[in-house]
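Descriptive structure summary
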Amino acid sequence: MKITLIRNLMMFGAFLCFAFTQAQEVSGTVSDATGPLPGASVVVKGTTTGAQTDFDGNYTLSDVPDDATLVFSYIGYANQEVAVSGQTTINVTLEEDAQALDEVVIIGYGQTTIKDATGAVSAVQSEDFNKGIISSPEQLIQGKTAGVQISQSSGEPGAGISLRIRGTASVRGNNSPLFVVDGVPVSNESVSADGADVGVGSSGSKNPLNFLNPNDIESMSILKDASATAIYGSRGANGVVVITTKSGKGGGREGQWGFTSNLNISEVANEFDLLSSEEFVERGGADLGGSTDWQDYVFRTTASTDNNLSYSQNYGSGNVRATFGYSKQFGIIENTDLERITGRINVGQRFFDDKLKLNFQGTVSRINDKKPFISRTAGSTGDLLAASYYANPTLNADPLANTDPDLNPANLLTYYDDNTQTDRFLGNLSLEYSITENLSAKVNLGLDTSTSSRAQVAGPALLGLGNGVQDNGRAAVSNLDTENTLLELTVNYTKEFENSNLDALVGFSYQDFNRQGQNLLGQGYGSSDLNAIARTTQETFDATENLANNYQGYGIGIFQDNTDAGDQFRILSLTPGVSDTTQPLPSIPIDAFRADTFDFTDELQSFFGRINYTLLDKYLFTATVRADGSSKFGENNKYGYFPSAAFAWKLNEEGFINEETVSTLKLRVSWGITGNQDGLGYGNYLNRTRWNGLGILNNSQLTTPATSEVAFSNPDLKWESTAQYGLGIDFGFNNDRFNGNFDVYRKETTDILLNLPAVQPATTPFVFQNVDGTLVNQGVELGLNYDIATSEDFYWNASFNISYNQNELTDYDGPTIQAGNLYGQGLTGTTSQVLTDGKPIYTYNLRTVDENFNVETEPEILDKSALPKIISGLSTSASYKNWDASLFFSGQFDFYVYNNTANALFASPQIGSRNNLKSVVDESVVLSATNPSTYFLEKGDFVRLQTASLSYNVPLSGDGLFKSMRLSAIGQNLFLITDYSGLDPEVSTDNIPANGLPSAGIDYLSYPRPRTYSIGFNVTF
């Protein structure tokens, strides 16, 4: 009995001792090289038990088993594991690990790593961004990822960017990917007010992402296949780019200031070899007694500046980062500049033992944009660029010299003004609450709002337009207000089982997009002051807009259909009661004035879900589905459904793979369907009648009011859908010192959205409908990265990517449609491209020219397209002690450019009042400028040294004002290798002709790309 009691007491004591050794408290401090690290994560390995360090880097964990292992982690630092082994105090110092940060990829409603991703995704971090003058975020990642084509439409500051991921998947849509900024999907439509035609044609839109300061961006993730993008459903057909801005996590508890400043010198990279004044006269040109190099007169070398101030702080339970940026970029053409003023604040805060997380990101910006007299649709007289190319070089630079019927470049620079101001706010507030260890819920609210106004003034002294401007003046003022609101609710469940992990997400999203504004036009002013003319136009609208109700527009002046009545005030009513009424005449200081207004809202409602399941840390499964309902579609097809599935196998985790040699080997297979609605405008499925905008004639009379049906009823109109199949391999050797990826894909777009001629008789000539046919994009991608040298003092890395994409329209049941409008004297209304079965989109349709320069009478559909089949990029960087340098080359191959500029200006060797190229005059090749042909179709292949940089990190003792200092010198567009005879083959046109198809690869009076040199410094303190 005693023995049994003693034995039981001993066993109970042993159990107590065991219990105490298995459940103890562990505390300590987590630091980095600069001191305590607030916000670091400390987790008991294999469990969900953990904590985050406080303001002083301290942590405390209770009930920690004696045989446990603690995992210490922080974004941007290498994870560190420490066995507890009875210790009650464990202090660690984390080391920075840039490679670990590089692997993080932000995806839809979450994040993953490259090694755990099942889809084709890639991430570019801020340290790998392209450097130099960056007007828009897309330029940061140009050439960094296989299968991604990024081209700026021209060299104009802030010009639109063409970004294509895995080809062009839509016939009519803009083919741009969806951009998501800190969780808020933003519209691809420009938020800057459109320009009007005051006598030279329309101008290209600005980039809608110009408001983002590139210095505020932490990373950009590119989601390429349907598995990665289907969570965004209807807007994922063209890929998704997720932009994440910088937080204050790395600011430290004391806070850190940062300041960067750059001085940028830009010059024109290439000019046309035109005849000088002496050469012009020698060849029979008219001698006006002067001598002017008009390209030098219009082009200029400029100095621009970019400055950014930031403050970051990590105070343990949260962090904050605030920035202010100012840049002024002057274009290489006179009267061109882009001023950007931005402010941003990012705040993260945790409450209730870190169960509640609040995040706010907000940015405000002002963009001031000044443009010269340039256009993408200029007619016979051209614009400022055309005038500078054809102007008589013996003409003196006199702004008042009358060169009728041609334009005088000096006159255009002096008496034309075009200014746009755009204010924008983008912000989102998210609240995430951990209901249990495994279940969390999140609400995300977003607001994107902008106000823009553009004033274009052709002064009374402007010569040669022939539209009544001379002695009258003409002004167009466009106002645009946009508002995009977002509400998202998501619930996330994660569970770690014995040998697997489950991550499930369900959510709801509602987003609406409102656009409203006015387009104003006036003619006949009592002042020659260009600023006063613009103000008078806006003030006239402000004084008259409330004189009538429920109208689409109105006009004040003499109307063409009733000249005997004299000046009238005629109101154009809203639909459906289309009529016009006459009101008492107000007094205005303009001879003729008209206003056209618009106001419409599109809505998108979505339900979505995703499941990620990992088995044995080597078999990865992903399934997503999203249902999108859009107000752009008819009653019978409001909703579209977009599923996807993917599987990945980490082969390097298998026993038959030698891990010492093969550090990464993952096979990926994916399938999914995504949608597109970008080809549609507001209410295109409804039968709608609208007033045409009133015009002002040469004699300052207003045109007769007239209506047109802008859409025909089609309740069956539905989503354009893209099915994508993909197979990929990610690989890495020698601890990923050499790594890369290889992908094969096929994209099939069906239910193609087109605006086609209606079956006659009909009340409208066109109707939006889904057309039978399949637009196929298929190709391969290869990306390679190699750390060539990795010694303590010297590091050298090289990255290369190349992709091949073949585009073809197959099984097309629609009509052959002419596209690719050309411009210039005798060319207006002519086309160069065609949409037809069995060919890529943007296929050229031209008359051929034989060896004797004889032009065929009928055009021929060619096996040549404006779409490049091969895109590549090569980057290399090296560092030695405090020095580092980098080079970036980009290239595009197997595509063609139509030299519309040469066709319009340099087709004939004859000279008289107009200048010409030396080569054209001397070779005496005579071609009719009004006869588009293959003579002007050229191969556009090129290789460009996009960026070269050299930087030096100044050694500092750490006791002074500055914690770090970095000096840099950067060159951009340093040389171009190409056989193209124009200024630059990398052109991106988006002119929309009457048949509704966009164009590409047409080079007409493109704003030249500059060559830029930059010096700058970056300090922290």
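Heads up: these notes are all about the structure in this document.

Parameters and conventions
- Residues numbered from 1 in each chain as written.
- Predicted model: local features only at pLDDT ≥ 70, side-chain atom pairs only at ≥ 80, totals over all residues.
- Heavy atoms only, no water.
- Helix = DSSP H or I, 4+ residues; strand = E, 2+ residues; numbered from the N terminus.
- Buried < 20%, exposed > 50% of the residue type's maximum accessible area, 1.4 Å probe, protein only.
- Core = buried A, V, L, I, M, F, W, Y, C linked by side-chain atoms within 4.5 Å.
- Contact = heavy atoms within 4.5 Å.
- Pairing = 2+ DSSP bridges.
- Axes fitted to C-alpha atoms, helices over the stretch in contact; angles between N-to-C directions.
- Patch = residues over 30% accessible without salt bridge, like charges linked within 9 Å, V, L, I, M, F, W, Y side chains within 5 Å.
- Areas by Shrake-Rupley, 256 points an atom, 1.4 Å probe, with all protein chains shown as cover.
- Salt bridge = Lys/Arg side-chain N within 4 Å of Asp/Glu carboxyl O.
- Lys, Arg positive; Asp, Glu negative; His and termini not counted.
- Charge placed at Lys NZ, Arg CZ, Asp CG, Glu CD.
- Phe/Tyr/Trp six-rings, centres within 6.5 Å; stacked < 30°, edge-to-face > 60°.
- Lys NZ or Arg CZ within 6 Å of the ring centre and 35° of its normal.

Description of unusual backbone geometry
A cis amide bond, omega 15°, links Asp-404 with the succeeding residue Pro-405. Following the sequence through the fold, Pro-405 ends up in the loop between helix H6 (384-390) and helix H7 (409-414). Its identity is not glycine, yet Ser-85 carries a phi of approximately 45°, on the positive side. Assignment of secondary structure puts Ser-85 in the loop between strand S7 (80-83) and strand S8 (92-93). A residue is classified by how much of its surface remains accessible, and Ser-85, at 56% relative accessible area, is exposed.

Observations concerning the nonpolar core
Counting residues in hydrophobic clusters, the biggest one holds 76 residues, and the most contacted among them are Tyr-389, Leu-754, Leu-835 and Phe-906. At the level of elements, H6, H7, strand S38 (752-757), strand S42 (817-821), strand S44 (843-846), strand S48 (896-898) and helix H9 (900-905) are the ones that each hand at least two residues to this core. Top element by residues in this core is H6. It accounts for 6 residues. Those residues in contact with Leu-754 that lie beyond four places of it in its chain are Val-171, Arg-172, Val-767, Phe-768, Gln-769, Val-771, Tyr-812, Ile-817, Leu-835 and Leu-997. Counting 24 residues, the second largest nonpolar core, distinct from the first, contains Val-124, Val-184, Leu-212 and Leu-426.

Notes on the sheet that holds strand S14 (residues 178-181)
One open sheet accounts for 5 strands, arranged S11-S16-S17-S14-S15; its pairing is mixed. Of all the strands in the sheet, just strand S11 (121-125) and strand S15 (184-186) have a single pairing partner and so form its edges. If you compare each strand with its neighbour and ignore which way they point, the axes differ by 25° on average. Of the pairings in the sheet, the one linking S11 to strand S16 (residues 217-223) comprises 5 bridges and is antiparallel in character. Residue pairing for S16: Ala-123 is matched across the bridge by Ser-221.

With respect to the environment of Val-443
Tracing the sequence through the fold places Val-443 in strand S24 (residues 439-458). Residue Val-443 is classed as partly exposed on the basis of its relative accessible area of 23%. With 63 residues separating them in the primary sequence, Val-443 and Val-506 have C-alpha atoms 12 Å apart. When residues no more than four places from it in sequence are discounted, the contact partners of Val-443 are Leu-429, Ser-430, Leu-431, Leu-487, Glu-488 and Leu-489.

Focus: a negative patch on the surface
On the surface, Asp-850, Glu-851, Glu-856 and Glu-860 cluster together into a patch of negative charge. Mapped onto the fold, Glu-860 is located in strand S45 (residues 860-865).

Digging into the sheet that holds S44
The pairing of strands in a sheet happens through backbone hydrogen bonds and is either parallel or antiparallel. If you trace the 4 strands from one edge of the open sheet to the other, you get S42-S43-S44-S45, paired in antiparallel fashion. Two strands in the sheet have a free side with no partner beyond their single neighbour: S42 and S45. Each adjacent strand pair in this sheet contributes to an overall mean axis angle of 40°, direction not counted. By the bridge criterion, 4 bridges tie S42 to strand S43 (residues 831-835) in an arrangement that is antiparallel. Each bridged residue has a counterpart across the sheet, and for Gln-818 the counterpart in S43 is Val-834.

Details of the packing of aromatic side chains
Tallied over the entire structure, the rule returns 34 aromatic pairs. Here Phe-272 and Tyr-389 contribute two aromatic rings whose centre-to-centre distance is 4.8 Å and whose plane-to-plane angle is 80°, an arrangement assigned as edge-to-face. With Phe-272 in the loop between strand S18 (256-268) and helix H4 (277-282) and Tyr-389 in helix H6, this residue pair connects regions lying 117 residues apart in the sequence. Residue Phe-272 shares its accessibility class with Tyr-389, and that shared class is buried. Look at Phe-889 and Phe-975: their rings are 6.3 Å apart centre to centre, the planes differ by 55°, and that puts the pair in the tilted class. Of the two residues, Phe-889 is situated in strand S47 (residues 883-893) and Phe-975 in strand S51 (residues 964-978); the sequence distance between them amounts to 86 residues. For Phe-889, a relative accessible area of 23% gives the class partly exposed. Above the ring of Phe-888, the side-chain terminus of Lys-144 is found at 5.3 Å from the ring centroid. Taking NZ or CZ as reference, Arg-570 lies 4.4 Å from the ring centre of Phe-559, over its face.

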